Every structure is written in C-alpha cells, then in structure tokens.
Amino acid sequence: MTEQPAYPQPRHAEDAHTDKAQPVRASAETIGTLPPLEDVETQTKSSATLGRLAAGLYYVAAVAAAVALVVAWWQSIHIPTFIHATQLMTWTHPRPGSLASVLLATAMMCIAGAMVAMPGILAVNTWLGRRWVRWGAIGGVGVGCAAITLNWVAWIGMPFLVAAGIIVWLPPVRHWMDSHGSTPPEAHQLDGPVIYGPVPQHY
C-alpha cells in the first residue's frame, strides 16, 4: 500500500517527480538529422571560394578592356592606323582631325571606359558578397557586347564576363551572398527595471 503525504505538495514538486519517473530520451534518428558542423563550414568555404573566383574573372575582364582601350587609343593618335583604330572608325571613315573623328574618339573613350568600369565594379562587389551582383552580371555581359565597336582585343574579356555571370547565379554562391546580405535581428531593450533575486513560488 502506497503512503499518501499528509500535506499537499507544491505543483513544482509534482512536476519534478513526474520528470524523474519518465526521463526524456533522444532517439538516434533525431540526433542523426542534425548536420555536422564540419560539413556546414566546408560548404560555406567552397561557396565563398566560388564567389572569389567570379570576382577574379571580373577583374581579368576589366584588365582586358583596359588593354583594348590602350590599343585603340595608341592607334587613333597615329595617322596611318587611325582608320583601323576601332570598328567605329572603320565603319564611318572620318577624316583625321575633323569634328566627326573627334566625336568618334570621344565615343570610343566612353565605351571603353564603361567596359573597364563595369567589370571592375562587379569584381569588388562580388568579392564583398553583394546580392545585386547577380543582376549586375547580366548588365556586365551587355556592356561587354559593346566590344563590337572597338577592336578584337576587347573581345578577350567576354568569356570571363560570361563565366563569372554563370558562377554568381549558382545556388551555393547565391546562398553565400544571401548570408552576407542578411541583417542580424535587433536587440530589444526592456522597458522596466531588471529585478534580481529568487523567483517567487506560488502554491
């Protein structure tokens, strides 16, 4: 026969007895669903490596566009190679020193400057993990198509622009950029004072 206590026990005491009587056990299947920390870190590092690779490809494309600009400028300042400096000159055949030649040279500088600046901006922001780079990659390929107005050297950067644009749209790189763009939750401050001491027990 089980003896009953002569006085009522507190509710927390009953819960303690119940917890002791029925211990909580975690099954092996539940523990097995948690991903190992090493795998998560390895996946994050590989995604970051792909992102850095895309940034390097954008940098190479910017350097190729800068070389194309230097070649076009060098040929345009010499009369024998002026007509063949860029495709714009070849299509229009302006007279050296005329207003048309000056305007075409200005257009050449603007186009080449955009071809250098666009992949350069994408390289920096891809390295920093900016999310908008995915859409900027499409614009980078569009700006790279302006190589048709310059010379054959400007086309060297096009494969690098396309390869980098594909990499930044890969799912691992997208998750890596999204993790960089996420903001931590704001800390909420308590309105009232913090009371220290034992918690009052109610029976």
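Reading guide: rules and limits
Residues numbered from 1 in each chain as written. Predicted model: local features only at pLDDT ≥ 70, side-chain atom pairs only at ≥ 80, totals over all residues. Heavy atoms only, no water. Axes fitted to C-alpha atoms, helices over the stretch in contact; angles between N-to-C directions. Helix = DSSP H or I, 4+ residues; strand = E, 2+ residues; numbered from the N terminus. Parallel < 35°, antiparallel > 145°, perpendicular 65-115°, else oblique. Left-handed = near helix turned anticlockwise from the far one by under 90°. Contact = heavy atoms within 4.5 Å. Nonpolar A, V, L, I, M, F, W, Y, C, P; charged D, E, K, R; others polar. Phe/Tyr/Trp six-rings, centres within 6.5 Å; stacked < 30°, edge-to-face > 60°. Buried < 20%, exposed > 50% of the residue type's maximum accessible area, 1.4 Å probe, protein only. Lys NZ or Arg CZ within 6 Å of the ring centre and 35° of its normal.

### So, the packing of helix 5 (residues 99-127) against helix 6 (residues 133-144)
Next, step 1: Where helix 5 meets helix 6, the closest approach of the two axes is 10 Å, and the angle between their N-to-C directions is 160°. Here helix 5 is positioned roughly antiparallel relative to helix 6, judged by the angle of their axes. Between helix 5 and helix 6 lies a crossing whose hand is left-handed. On helix 6, the residues that touch Ala114, Met115, Met118, Leu122, Asn125 and Thr126 of helix 5 are Val133, Gly136, Ala137, Gly139, Gly140, Val143 and Gly144.
Next, step 2: Residue composition of the contact of helix 5 with helix 6, grouped by class: seven nonpolar, six polar and no charged.

### Overview of the packing of aromatic side chains
Next, step 1: Evaluation of the coordinates by the stated rule reveals two aromatic pairs.
Next, step 2: With a centroid separation of 6.3 Å and 55° between ring planes, the pair formed by Trp73 and Trp74 is classed as tilted.
Next, step 3: Here Trp73 falls in the partly exposed class, since its relative accessible area comes to 43%.
Next, step 4: Considering the side-chain rings of Trp135 and Trp169, the 5.1 Å spacing of their centres and the 90° angle between planes classify their relative orientation as edge-to-face. Taken together, the residues Trp135 in helix 6 and Trp169 in the loop between helix 7 (158-168) and helix 8 (171-181) connect sequence positions 34 residues apart.
Next, step 5: For Arg52, the ring lying beneath its charged end belongs to Trp127, and the centroid distance is 4.6 Å.

Keep in mind these numbers describe shape, not what the thing actually does.
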